[in-house]
Amino acid sequence: MTAQALSLFWPYCIFIIMLVIIGLYCMLVTYNLIRALIGLELLIKAITLFLILAGYISGHPVMTQALVITLIVIEVVVIVVATGVVLNLHRQNQSLDVRKLRTIKD
Amino acid sequence: MNMTLDIVILLALILAALWTVMTRSLLRSAIGLALVSAILTILLFRFDSPLAAVFELSVCSGLISVVFISTISLTEPMTMKEVIKHMKDRLTRFWYLPFIVVIVGTALSLLDIRLNIKVPPAETQKDVREVLWNMRQLDLIGQVTILLAGVFGVAILFKEGRKK
Amino acid sequence: MLYLFIIVPLFILMFLNLPFRGLKRAAFWLAAALCLFQMFLVLFPDSFFWKLDFAWLDHLFKFDLAIDGLGEIMLFCIGLVVFISVFMGRYINADADEKLNFFSLLLIALAGLNGIVLVKDVFSLYVFIEITSVSSFMLISFYKRREALEATFKYLILSAIATILMLASISLIILISGGTSFSLMHEAIRNSPHDFLGIFAIGMFLSGLFIKAGLVPFHGWLVDAYSSAPSAVSVFLAGIATKAMGIYTLMRVTSAIFGFSIPIGNVLMLIGAVSIIIGALDALAQNDFKRMLAYSSISQMGYIVLGFGCGTALGVAGAVFHLFNHTIFKSLLFVNSAALKIQTGTSRMDKLGGLARKMPLTAVSSLLAGLSTAGIPPLPGFWSKLIIIIALWGSGHYAYAVIAVLASLITLAYIISMQRRVFFGEPAGEMENVKEASPGVILPTLLLTLIVIVSGLFFPFILENFALPAGMIIK
């Protein structure tokens, strides 16, 4: 299985890197807070896939599976907290636009 | 493993991600994210990780979509004028993305990296529940703790403040 | 036994949130007692507690935990800083429910921080870092003030990117190690057939940690978070949270997983030196008390990383000692900023002035802490900086040693300027009716001042017994 599994590594890596680029681009370019979170989600998806891929190739799929379950739980909590922060910001600013934030200045 | 099938699924994943980022409405963006999760679920199944796949499907494409969609519906929609301005604005900024992705993809596929890993001795195949409960107990405690933190977070953030 | 450091805060947290009326009043005492007990356990390793037999509990919790000299220092600092935050939180929050939520989040953070210090598995390390981060987010935006929410969002995004970098690095190492414990990964990296895998993994992990620690190219979030957080939370963040998540993890991961090497040391020293200079120069330009302290934190963290990057036992010992000192004096300065904010209602230095007579304790303690930051003998900051500089000079990094000396002159400049603008000179118009701060702020001030003086006077003892053994983590 190892040789075949190893041949998977680079093709998958290409697609994971593409997914990372999409997520990062989304986070960097957008002015919308929710869209930034969606970009973050895409990045986490890429990492999930990478972790599972690493486990499969190295022959420890069971362990990485356990790790991914933990990762998903943490991801949910972080996203819920983040949307809570976004909702509160929206309540105070009446906008989701990053350009209308940035009031913190000396 | 059938490589062509993998490539097709991966391409679908990238297309769904692109649609998520490029689409105009936030709501469709959230649905696109759920789609990405669903496709990822198939990949996880193919990599012998059924439990993680089920988690991904139920939690990520289920729960997180619900969270996003309710956030979007709770925040005010934009007026028509803003939407049109916003669309033009977005078009100029997001136009490059597909090209960048395609170019990087081709460039990377020209590289031919092959790993030569001495795979460490494989463990005796255990059940994932056993691994989670016996070997990664600390992570379980961590999960409980972070859920508690999340509960307090929600309690604080969504409590209607008695504002001064 | 060590698992109790993680389990007990959680049990107390759950107990406090049971729906009984009297518990809300007990919350403060239980949380404070827990922190004090943690400090006691570290200070007295021979105490009765370590000899107790918990066989039935041992059977239940089979965690893989370990502690060494550095971990003991961190546990002590964690107990101290969380105690001070709890203490201040009691006096700053008015409402009983608010107090309970505040203490609960601090207890979660305490469990998370203790976990970071004790774990031997890199994925568990990630889990505990996330726990601490999430509770920090909530603590920063506790009162839902606008600036605080913005700072939280910024922090949240950057910290998520940092964890993604760390996870990517972990997955890369899993490829060659097949496990996530420190020892397995260390072996795998040493015997790796591909250099580039290791280099990639180390690079990604370290840049993630630089973001978490708020070192210079990635310091944007830190200043906003420190300055907009509630006073008690600023102490917690500056005192321990970023230090444990960034600096301590950096030291641990570098020594236990990657193995210290010259290239890593060079990168660390470069980042450290840049942080020292940029942080100090930016601090000089600030008008807001808390923002100045935040930039000063960046600069002092730079010293720690610089000393650690030097790689000799002396350098690491100096870094650890400076970490301890920085925890103490920066917490003290943030407690002072809380006193100023509460008593005068502003933290802008151009509006303050002549407060030395009105708030003598605050003035004296902040002078001591400030001079310790700047490295004036015989205060402890001087000794730790001196050790770092000697280590740099001894290992032939003359340029970095000169930078460290010059930057401490800049530090002295902004500390003196701060003292002059806030405490000396003519009292500003609105400062006539200012009084000394309430006991909730004064008692932590006194405690921390005492520790500053004691650790300055008894530095050979601390160095000999704590810092130098902790410096042995690099072999």
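Residues numbered from 1 in each chain as written. Chains lettered and ligands numbered in written order. Predicted model: local features only at pLDDT ≥ 70, side-chain atom pairs only at ≥ 80, totals over all residues. Heavy atoms only, no water.

J.: Talk me through unusual backbone geometry; I want residue IDs and the actual numbers.
T.: Comment: phi is negative for the bulk of residues other than glycine, and the bulk of peptide bonds are trans. Between Pro-377 of chain C and Pro-378 of chain C the backbone carries a cis peptide bond, its omega angle lying at 0°. The residue Asp-48 of chain B is not glycine, and still its phi comes out positive at about 55°. Its place among the elements puts Asp-48 of chain B in the loop between helix 2 (26-46) and helix 3 (50-74). Of note in the backbone geometry, Lys-144 of chain C takes a positive phi value of approximately 55° without being a glycine. If you trace the backbone, Lys-144 of chain C turns up in the loop between helix 6 (122-140) and helix 7 (146-177). (Helix = DSSP H or I, 4+ residues; strand = E, 2+ residues; numbered from the N terminus.)

J.: How would you sum up the packing of helix 6 of chain C against helix 7 of chain C? Please name residues and give values.
T.: Residues and elements named next belong to chain C. Following both chains from N to C, one finds helix 6 and helix 7 inclined at 175°, their axes separated by 10 Å at the closest point. When the interaxial angle is binned, helix 6 and helix 7 end up roughly antiparallel. Where helix 6 abuts helix 7, its residues Val-122, Phe-123, Tyr-126, Ile-129, Glu-130, Ser-133, Ser-136, Phe-137 and Ile-140 lie against Ala-148, Thr-152, Tyr-155, Leu-156, Ser-159, Thr-163, Met-166, Leu-167 and Ile-170. Residues of the contact of helix 6 with helix 7, tallied by class, amount to 12 nonpolar, five polar and one charged. (Axes fitted to C-alpha atoms, helices over the stretch in contact; angles between N-to-C directions. Parallel < 35°, antiparallel > 145°, perpendicular 65-115°, else oblique. Contact = heavy atoms within 4.5 Å. Nonpolar A, V, L, I, M, F, W, Y, C, P; charged D, E, K, R; others polar.)

J.: I'd like a description of the environment of Phe-103 of chain C, backed by residues and values.
T.: Residue and element names in this part refer to chain C. Topologically, Phe-103 is positioned in helix 5 (residues 96-118). Sequence separation between Phe-103 and Leu-139 is 36 residues, and the spatial gap between their C-alpha atoms is 9.9 Å. Apart from the residues lying within four places of it in its own chain, the contact partners of Phe-103 are Ala-27, Phe-28, Val-86, Gly-89 and Arg-90.

J.: Explain the interface of chain B and chain A residue by residue, including any values.
T.: Every contact between the two is made by 81 residues of chain B and, on the other side, 66 residues of chain A. Carbon and sulfur atoms make up 77% of the area that chain B and chain A hide from each other, which totals about 7000 Å². Linking chain B with chain A are one salt bridge. In this structure, Lys-45 of chain A engages Glu-56 of chain B in a salt bridge whose closest nitrogen and oxygen atoms are separated by 3.3 Å. Where the side of chain B that touches chain A is concerned, the elements lending two or more residues are helix 1 (3-22), helix 2, helix 3, helix 4 (80-94), helix 5 (97-110), helix 6 (128-135) and helix 7 (137-158) of chain B. Ranked by the residues each element gives to the side of chain B that touches chain A, the list is headed by helix 3 of chain B, at 14 residues. Here the side of chain B that touches chain A is composed, by residue class, of 53 nonpolar, 13 polar and 15 charged. (Buried area = accessible area lost by both parts, 1.4 Å probe. Salt bridge = Lys/Arg side-chain N within 4 Å of Asp/Glu carboxyl O.)

J.: Report on the pattern of salt bridges, specifying residues and quantitative values.
T.: Residue and element names in this part refer to chain C. Going through the model one piece at a time under the given rule, you end up with 13 salt bridges over all chains. Of the charged contacts in the structure, one is a salt bridge between Arg-190 and Glu-187, with a shortest N-O distance of 3.1 Å. Placement of both Arg-190 and Glu-187 in helix 8 (residues 182-190) is noted, with a separation of three residues, approximately one turn of the helix.

J.: How would you explain helix 7 of chain B if you had to name every residue and give the values?
T.: In a regular helix each residue adds 1.5 Å, so 22 residues correspond to 32 Å; helix 7 of chain B covers 31 Å between its end C-alpha atoms and thus fits that length. Buried residues dominate helix 7 of chain B, accounting for 16 of its 22 residues. (Expected span 1.5 Å × (residues − 1). Buried < 20%, exposed > 50% of the residue type's maximum accessible area, 1.4 Å probe, protein only.)

J.: I'd like to hear about the packing of aromatic side chains, residue by residue, with values.
T.: All names here are of chain C. In this structure the tally under the stated criterion is 23 aromatic pairs over all chains. Aromatic side chains Phe-123 and Tyr-126 sit 5.3 Å apart centroid to centroid with 50° between the ring planes, which places their arrangement in the tilted category. Remark: Tyr-126 and Phe-123 occur in helix 6; sequence separation between them is three residues, near one turn of the helix. For the residue pair Phe-123 and Tyr-126, the accessibility class agrees, reading buried in each case. An angle of 90° between the planes, with centres 5.1 Å apart, marks the rings of Phe-137 and Tyr-155 as edge-to-face. (Phe/Tyr/Trp six-rings, centres within 6.5 Å; stacked < 30°, edge-to-face > 60°.)

J.: How would you explain the packing of helix 4 (residues 69-92) of chain C against helix 18 (residues 439-457) of chain C if you had to name every residue and give the values?
T.: All names here are of chain C. Where helix 4 contacts helix 18, the axes come no closer than 8 Å and their chain directions differ by 160°. Between helix 4 and helix 18, the interaxial angle falls into the category roughly antiparallel. When you trace helix 4 past helix 18, the crossing you get is left-handed. Residues Leu-80, Phe-83, Ile-84, Phe-87, Met-88 and Tyr-91 of helix 4 form the contact with helix 18, whose own contacting residues are Pro-439, Gly-440, Leu-443, Pro-444, Leu-447, Leu-448 and Ile-451. Here the contact of helix 4 with helix 18 is composed, by residue class, of 12 nonpolar, one polar and no charged. (Left-handed = near helix turned anticlockwise from the far one by under 90°.)

J.: How would you explain the confidence of the model for chain B if you had to name every residue and give the values?
T.: For chain B, per-residue confidence averages 82 on the pLDDT scale, and 79% of positions sit at 70 or higher. Ranking the helices and strands of chain B by mean pLDDT puts helix 2 of chain B first, with 92, and helix 4 of chain B last, with 68. (pLDDT = per-residue confidence, 0-100.)

J.: Which residues make up the interface of chain A and chain C, and what values do they have?
T.: Listed per partner, the contact involves 36 residues of chain A and 37 residues of chain C. Together chain A and chain C conceal approximately 3300 Å² of surface at their shared face, both sides included; 78% is due to carbon and sulfur atoms. The interface formed by chain A and chain C includes zero salt bridges. Joining chain A to chain C, the criterion identifies two residue pairs in polar contact (both at pLDDT 80 or more). Listing elements by their share of the side of chain A that touches chain C, those giving two or more residues are helix 1 (2-29), helix 2 (33-58) and helix 3 (61-93) of chain A. (Polar contact = N/O pair within 3.5 Å; in protein donor to acceptor, adjacent residues only side chain to side chain.)

J.: Which residues make up the confidence of the model for chain C, and what values go with them?
T.: Residues and elements named next belong to chain C. Looking at chain C, pLDDT values average 88 and 99% of them are 70 or higher. Looking over chain C, one finds the lowest element-wise mean pLDDT in helix 3 (residues 55-60), namely 76, and the highest in helix 6, namely 94. Confidence estimates for the predicted assembly give a pTM of 0.93 and an ipTM of 0.93.

J.: Could you give an account of helix 6 of chain C, with specific residues and numbers?
T.: Residues and elements named next belong to chain C. Taking 1.5 Å of rise per residue, 19 residues should cover 27 Å, and helix 6 covers 27 Å from first to last C-alpha, within 8% of that figure. The element helix 6 is extensively covered by neighbouring structure, given that 19 of its 19 residues are classed as buried. The N-terminus of helix 6 is capped by Asp-121, whose side-chain oxygen sits 2.9 Å from the backbone nitrogen of Phe-123.

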